[in-house]
There are 2 protein chains.
Amino acid sequence: MSDSNSTGPARPTGPTGPASPATLAAPVASADAAVRDAQDRFIAAWAQMGSAWGIPRTMAEVHALLYIHGEAMNTDDVMARLAVSRGNVSMTLRALVDWGIVFRVHHRGDRKDYFVAEQDVWKLFRTIIRERKKREFDPLLDALRDCRDLGGAARAPAGREHTARVDELLDFIEMVDRISERFISPTGIGLQVAARLLGKVS
Amino acid sequence: MSDSNSTGPARPTGPTGPASPATLAAPVASADAAVRDAQDRFIAAWAQMGSAWGIPRTMAEVHALLYIHGEAMNTDDVMARLAVSRGNVSMTLRALVDWGIVFRVHHRGDRKDYFVAEQDVWKLFRTIIRERKKREFDPLLDALRDCRDLGGAARAPAGREHTARVDELLDFIEMVDRISERFISPTGIGLQVAARLLGKVS
DNA sequence: GTTGGATTTCAGAAACGATTGAAAATTGGA
DNA sequence: TCCAATTTTCAATCGTTTCTGAAATCCAAC
């Protein structure tokens, strides 16, 4: 059941019909199959990475599919390709749009919504980092500052040691924070510069 | 039950008995309570961050406790402080030791095992990055290379576009890989250099 | 070799997050 | 305005991961 329907309903991307000459049919089909296998491999790898980093498997799969497919797909395309439910695809696509790494596009004369993934890898990672920083990093910094102040109120040695430990962590995380801020800044030149400079150090 | 045993079995670090003068008992108790509250806050914040990044909650909590407590603790200390089962603590401590961010120490004349967390924040993050790179990044790179070769075998335009997309991602990830390698290298000077340089760029 | 405290293991339970599917809401067109 | 296609929502379900607790194992001291 895995291969039989794979060449069927899963490529409704509009004008690129399967109307190629019969002489090319067999080679094209095998080339398509090869590409599809490679896509599957890509999707699996990306999903595995995602779930190791706290991203729901399906969300990573949908993103991987849209990225590697390159062209816009609609809900039904994604459902058919990944075999997940309509509701799940709907929620997942919305989440990806919220993250800013997938965009909703409209095709004239088609009431369906289509979705494309950000194709610029640098922009992709800048966006991901910006979001994760906002959602996880900044709250952690706030909590650590609270926590330092809480323990710092105590004059006992234990309190001072506590504060020192929190401070060490805080300093480090604030540094990472500043670096990531530079990376995600509009010009986004930070990491490129860093990469170049690091490359030169022996 | 939270405060009463805090001065009891929770600091078994040898000869430092609870023999402080009665005149200091009240202030010290309140200072201890403040520190404990601050520790709790720290543990909660660290656990939240951890679970956003795919680390089991208990594992993050145990690590946070050992880090913020600073001194060695045994299984019973951790069980009592975090209210988790013996089995869970045992498995979690083993995992933390495997990660290399917690160490097993022995106290003479005590058959229990004690555990301390790495206190050097730079070393801590270097170790974490080294492990995550090894466990997640490197396999992803391998999979992406496979996947590029798979799709690249097809000469069809779709195959070439596929390969181009995988390559873009691969280039980016390889760059991050090289940076992280520099960061985790024995001297570990990489990020410090980057931080300094980035700090100077306007 | 035996004892007894400490640790580890692991099958089952509990908790949690992910997924479904059908009903409700929305939307563009007639 | 109404209709039909499409999307969204959400309670129920499912599957996975995590946690427990007691039994098995380990190990230092005697």
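Look up a bit, the structure's there.
Residues numbered from 1 in each chain as written. Chains lettered and ligands numbered in written order. Predicted model: local features only at pLDDT ≥ 70, side-chain atom pairs only at ≥ 80, totals over all residues. Heavy atoms only, no water.

What follows is about helix α4 (residues 86–99) of chain A. All names here are of chain A. If you check α4, its first and last C-alpha atoms are 20 Å apart, about what 14 residues at 1.5 Å a residue would give, namely 20 Å. If you check which residues of α4 are buried, you get V89, T92, L93, L96 and W99. Taken down its axis, α4 places every buried residue within 115° of arc, on the same side. Exposed side chains of α4 directed beyond 90 degrees from the buried face belong to M91, R94 and D98. The inward-facing, buried residues of α4 abut α2 (57–69), α3 (75–82), β2 (102–106), β3 (113–117) and α5 (121–152). Directly after α4, the chain includes G100, whose backbone phi takes a positive value near 85°. (Helix = DSSP H or I, 4+ residues; strand = E, 2+ residues; numbered from the N terminus. Expected span 1.5 Å × (residues − 1). Buried < 20%, exposed > 50% of the residue type's maximum accessible area, 1.4 Å probe, protein only. Arc of directions from axis to C-beta. Contact = heavy atoms within 4.5 Å.)

Contact residues are listed per partner, giving 55 residues for chain B and 54 residues for chain A. Summing the contributions of chain B and of chain A, the shared interface buries around 5200 Å²; its carbon and sulfur component is 78%. Remark: the boundary between chain B and chain A carries two salt bridges. In this structure, the salt-bridge partner of R41 of chain B is D146 of chain A, at a minimum N-O distance of 3.0 Å. (Buried area = accessible area lost by both parts, 1.4 Å probe. Salt bridge = Lys/Arg side-chain N within 4 Å of Asp/Glu carboxyl O.)

Least-squares fitting of chain B to chain A yields an RMSD of 0.1 Å, with the transformation described by 0.0 Å of translation along the axis and a rotation of 180°. Taken together, the rotation angle and the small translation identify this as a two-fold axis. Looking at chain B, 98% of its interface residues are interface residues in chain A too, so the copies touch through the same face. (Least-squares fit on C-alpha atoms with pLDDT ≥ 70 in both.)

Residue and element names in this part refer to chain A. In this fold, R148 is placed in helix α5. Overall, R148 belongs to the partly exposed group, its relative accessible area being 25%. For the pair formed by R148 and D167, sequence separation is 19 residues and the distance between their alpha carbons is 7.2 Å. With near-sequence residues (within four places) excluded, R148 lies in contact with T163, V166, D167 and L170.

This part takes up the protein's contact with DNA strand C. Residues in close proximity to DNA strand C total 18 residues, the closest being T58 and S85 of chain A together with R94, R111 and D113 of chain B. When the atoms of DNA strand C within 4 Å of the protein are grouped by moiety, sugar and phosphate amount to 64% of the total. At 2.4 Å from a phosphate oxygen of DNA strand C is found a side-chain nitrogen or oxygen belonging to R94 of chain B. Here a base nitrogen of DNA strand C and a side-chain polar atom of R111 of chain B are 2.7 Å apart. Breaking the surface near DNA strand C down by element, the ones donating at least two residues are α4 of chain A together with α4 (86–99) of chain B. Among the elements that take part in the surface near DNA strand C, α4 of chain B stands out by supplying five residues, more than any other. (Near = heavy atom within 4 Å. Polar contact = N/O pair within 3.5 Å; in protein donor to acceptor, adjacent residues only side chain to side chain.)

Turning to the sheet that holds β2 of chain A, a few remarks are in order. All names here are of chain A. With antiparallel pairing, three strands are arranged side by side in an open sheet as β1-β3-β2. For this open sheet the edge positions go to β1 (73–74) and β2, each flanked by a neighbour on one side alone. The pairing of β2 with β3 spans five bridges and is antiparallel. Bridging from a neighbouring strand, H106 pairs with D113 of β3. (Pairing = 2+ DSSP bridges.)

Counted by the stated rule, this structure contains eleven aromatic pairs over all chains. Taking the centre distance of 6.1 Å and the plane angle of 10° together, the rings of F42 of chain A and W46 of chain A count as stacked. Here F42 of chain A and its partner W46 of chain A are both found in helix α1 (residues 22–52), four residues apart, which amounts to about one turn of the helix. Put simply, the rings of W122, F125 and F183 of chain A together with F172 of chain B pair up and form one aromatic cluster. When the ring centre of W53 of chain B is taken as reference, the NZ or CZ atom of R132 of chain A above it lies at 4.3 Å. (Phe/Tyr/Trp six-rings, centres within 6.5 Å; stacked < 30°, edge-to-face > 60°. Lys NZ or Arg CZ within 6 Å of the ring centre and 35° of its normal.)

Of all residues adjacent to DNA strand D, which total 19 residues, the nearest are R94 and D113 of chain A together with T58, S85 and N88 of chain B. Contacts to DNA strand D include D113 of chain A, whose backbone N or O atom sits 2.6 Å from a phosphate oxygen. Interatomic distance of 2.3 Å between a side-chain N/O atom of T58 of chain B and a phosphate oxygen of DNA strand D. Considering only residue class, the surface near DNA strand D consists of five nonpolar, seven polar and seven charged. (Nonpolar A, V, L, I, M, F, W, Y, C, P; charged D, E, K, R; others polar.)

That's the geometry; what it means functionally is another story.
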